[in-house]
Amino acid sequence: MILVLLGAPGSGKGTQASLMAKSLNVPVISTGDILRAAIREQTETGLKAKAYVDAGRLVPDGIVAEALRERIGQADCAGGYILDGYPRTIPQAEMLEELGISPGLALSIEVPDSDIERRMTGRRVCLSCNAVFHTEYNPARQEGVCDVCGERLTRREDDEPGTVRERLRVYHEQSEPLKGFYERLGRLRIVVGTGDVSEINRRLMETIP
Ligand code: AMP
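A. Just the layout of surface pockets, in detail. There is about 310 Å³ of room inside the second largest pocket. Taken together, Arg 36, Ile 39, Arg 40, Lys 50, Val 53, Asp 54, Leu 127, Thr 154, Arg 155, Arg 156, Glu 157 and Asp 158 form the lining of the second largest pocket. If you list the elements that add at least two residues to the lining of the second largest pocket, you get helix H2 (31–40) and helix H3 (44–55). Within the lining of the second largest pocket, the residues separate by chemical class into three nonpolar, one polar and eight charged.

Next comes the structure, spelled out in structure tokens:
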């Protein structure tokens, strides 16, 4: 089963994707993580993507599609996967269908914009293993240190307040219409994304047949 997680930046997609992946025993494919790794390693894709990611804009479809195709072709994706951050535009969703990659469900995690800005300023990520924490809602056991791998936690550059507002604008304009796309296919499920992390996880898992 291929699952798509939809939702604004800061809606908890990354945190919930990794919880669901553990329960379902499938990998999470996060195009944001793939692009950030490419930028860090200064690959050709990374060099092309950097300016867009830093500005909170969407990376052009061709660049992301190539990075995605490469990842989902790997052996661990054969039994299904969770897409976090892809598709983000209608053309990206259409491209998936054209490739014969048809997500069984699109789960939209809904959080009001007013909550998002507060959430994102407290978000801390591990650049080594991509684990996500929050200073207030999901704190690491030891402040600033990743529970999973022990590396230092940092704030993503694009979680800076001005960039967060731009990413929210881009979400509403370009990504939110995906809800209609999957609703027409009968595959959209809306999940309230406020409250306790484990409670949201329970709501998401309930949507899976
Ligand atoms: P995320 O970690 O999902 O919030 O993604 C971080 C950034 O990576 C986004 O703000 C975009 O610049 C870029 N990005 C991630 N996924 C996509 C996508 N499917 N299409 C275009 N840009 C993307």
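From this point, the narrative continues.
B. Main features of the pattern of salt bridges. According to the stated counting rule, one finds 21 salt bridges in the structure shown. The shortest N-O distance in the salt bridge between Glu 44 and Lys 48 comes to 3.6 Å. Here Glu 44 and its partner Lys 48 are both found in helix H3, four residues apart, which amounts to about one turn of the helix. On the accessibility criterion, Glu 44 (61% relative accessible area) is exposed. On the accessibility criterion, Lys 48 (44% relative accessible area) is partly exposed.

C. Local environment of the site of the ligand. In the vicinity of the ligand lie 16 residues, with Thr 31, Arg 57, Gly 85, Gln 92 and Arg 167 positioned nearest. At 2.9 Å, a backbone N or O of Gly 85 approaches a nitrogen atom of the ligand. Between the ligand and the protein, one listed contact pairs a nitrogen atom with a side-chain N or O atom of Gln 92 at 2.9 Å. In the complex, 96% of the free accessible area of the ligand, which totals 480 Å², lies under the protein chains. The element that contributes the greatest number of residues to the shell around the ligand is H2, accounting for four residues.

D. Region of interest: the side chain of Thr 207. Residue placement: Thr 207 occurs in the segment after helix H9 (197–206). At a separation of 2.6 Å, a polar atom in the side chain of Thr 207 contacts the main-chain carbonyl oxygen of Leu 204. Every residue in contact with Thr 207, bar those within four places of it in the chain, is listed here: Leu 105, Leu 107, Arg 189 and Val 191.

E. Molecular detail of the sheet that holds strand E7 (residues 153–154). With respect to topology, three strands assemble into an open sheet ordered E6-E5-E7, the strand pairing being antiparallel. With one partner strand each, in any of the chains shown, strand E6 (132–134) and E7 form the two edges of the open sheet. As paired elements, strand E5 (residues 123–126) and E6 share three bridges and run antiparallel to each other. By the bridge assignment for E6, Val 125 is matched with Val 132. Running at roughly 45° to E5, helix H6 (residues 113–121) makes contact with E5 and E6 of the sheet.

Criteria and thresholds
- Residues numbered from 1 in each chain as written.
- Predicted model: local features only at pLDDT ≥ 70, side-chain atom pairs only at ≥ 80, totals over all residues.
- Heavy atoms only, no water.
- 1 Å grid on protein atoms, 1.4 Å probe; cavity = no way out; pocket = protein on both sides within 12 Å on 5 of 7 lines; lining within 4 Å.
- Points joined across faces, edges and corners; volume = space filled by probe spheres on them.
- Helix = DSSP H or I, 4+ residues; strand = E, 2+ residues; numbered from the N terminus.
- Nonpolar A, V, L, I, M, F, W, Y, C, P; charged D, E, K, R; others polar.
- Salt bridge = Lys/Arg side-chain N within 4 Å of Asp/Glu carboxyl O.
- Buried < 20%, exposed > 50% of the residue type's maximum accessible area, 1.4 Å probe, protein only.
- Near = heavy atom within 4 Å.
- Polar contact = N/O pair within 3.5 Å; in protein donor to acceptor, adjacent residues only side chain to side chain.
- Areas by Shrake-Rupley, 256 points an atom, 1.4 Å probe, with all protein chains shown as cover.
- Contact = heavy atoms within 4.5 Å.
- Pairing = 2+ DSSP bridges.
- Axes fitted to C-alpha atoms, helices over the stretch in contact; angles between N-to-C directions.

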